[in-house]
Amino acid sequence: MGDLAEDPDIDEAFEKFFRAEFLSAVTTLVTSGFTRPAAEDAILAVLADAYEQWSAIIHPRAWVRKAGYREALRRQRRDRDGLLRTARIAPREISDQCPPFDGQDRILRWLGQLPERQRQVVALHLDEFTYDEIAQILDIRPGTVRSTHRSARKALRRIIERERRDEAETREDR
Amino acid sequence: MKPEDVDSALVRAGERLRASMERQVDVDGAFDRLRDSISARTTPATAVRETGKSRGRTGDEFLRRLTPHAAARPGLTDANDSPATHDSGGRGDAVLRLLYEQHAGSLLMFALRLTGGDRRRAEDVVRETLLRAWRDAHRLSRPGGQLRPWLMTVARQIATGDPVPESRPGLPDDSDGAVARALRHLRPTDREILIETYFRGRTVTEAAATLNLPVETVRSRTYLALRALRTALRQRHR
């Protein structure tokens, strides 16, 4: 690929990181509640910003998720404001732009019913980060990560059980 | 349902999502986009000033090869691009330098794609494109359009050997000029996207490449821009 920077080593490390982590980082953002295109754009934007200081980033895996989340939120707000200014468009029509999933993604249905913080913890946990790492990414104490995760699992248990009951009732048993 | 069941249900659901993301996310395409946006923002700032080893040929030397023919021409600022001004007064290379600083980086990445990675040919395409832009500088200063899409059109035509338009392509005439007037009232981003997709008949993918935007963005912007245009037309008919 090359040609990114004067230092070929940074180039190589950067590209290697990208190919190894992009999909996972996007998936984490999607699991946290963003659409796929929004997640992709946000991750790409923060990586483009970080490129020049790439070697200064100590924990790139954690960093890209943290910065990506912030960027995705920022863009979501900006787009919403922009849309309100440009034309009067109902929120429904906005989300129609990029129908991300066909409803088969149970996990999004489940996590969508959790508060933001719980969703983030579950998403990062599924992404195989430790509690300590999650604490750093979310800027909260490890103990809080633990208790948040516990609450999330409790809530998810209710959500999943209810869903299974409903499915059994409509005889769409899996 | 036991807590372990919740965990395993989550993991399974997570794996399904991951598999579905693998189908949807184009990692190679994303990397290309990333590279384009990095080169678009790093080239003007660093490559021109630093005579770095790898950039030297496309940087200062590139400019030197261009500038003997250059004489100052007024008015080459793009209304919608960064607010660079040609402060270097009557210096002959000011216009070209400005063109180069603002556009050479992304043009080169674009040209590299067109030439399938042939760097020499890509550089030739960029040089020819910028020369043409400089020659047409008096026409390019017209407000109401962005320079880069035009540059990329020219670059594509040079690279693919298509006939090159003598001047910047304008909007097609509509009978009473209502559409053109309404277009003029749109935001620059809306106008640019409609010009690419509707008036030049580009596909979404082509427009995305020309405008250096993600395909999804082009899609959503087109939709929003059409709405804005419709609103503008309706208001003017009242």
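Residues numbered from 1 in each chain as written. Chains lettered and ligands numbered in written order. Predicted model: local features only at pLDDT ≥ 70, side-chain atom pairs only at ≥ 80, totals over all residues. Heavy atoms only, no water.

A. Spotlight on unusual backbone geometry. One non-glycine residue with positive phi stands out, namely E128(A), at about 65°. When you line up the elements, E128(A) lands in the loop between α6 (116-126) and α7 (131-138). Positive phi values are uncommon outside glycine, yet N212(B) reaches one of about 60°. Mapping N212(B) onto the fold places it in the loop between α10 (204-211) and α11 (215-237). (Helix = DSSP H or I, 4+ residues; strand = E, 2+ residues; numbered from the N terminus.)

B. Spatial organisation of the pattern of salt bridges. In the structure shown here, the tally under the stated rule is 22 salt bridges over all chains. Of the charged contacts, one joins R75(A) and E71(A) as a salt bridge, the two residues approaching to 2.6 Å between their closest N and O atoms. In this pair, R75(A) and E71(A) are both assigned in helix α3 (residues 60-86), four residues apart and thus about one turn of the helix distant. Of the charged contacts in the structure, one is a salt bridge between R119(B) and E123(B), with a shortest N-O distance of 3.3 Å. Taken together, the positions of R119(B) and E123(B), both in helix α5 (residues 119-135) and four residues apart, correspond to about one turn of that helix. Accessibility expressed as a relative area gives 2% for E123(B), which makes it buried. Each of the salt bridges in this network shares a partner with another, and the network as a whole consists of R36(A), E40(A), D41(A), R33(B), E216(B) and R219(B). (Salt bridge = Lys/Arg side-chain N within 4 Å of Asp/Glu carboxyl O. Buried < 20%, exposed > 50% of the residue type's maximum accessible area, 1.4 Å probe, protein only.)

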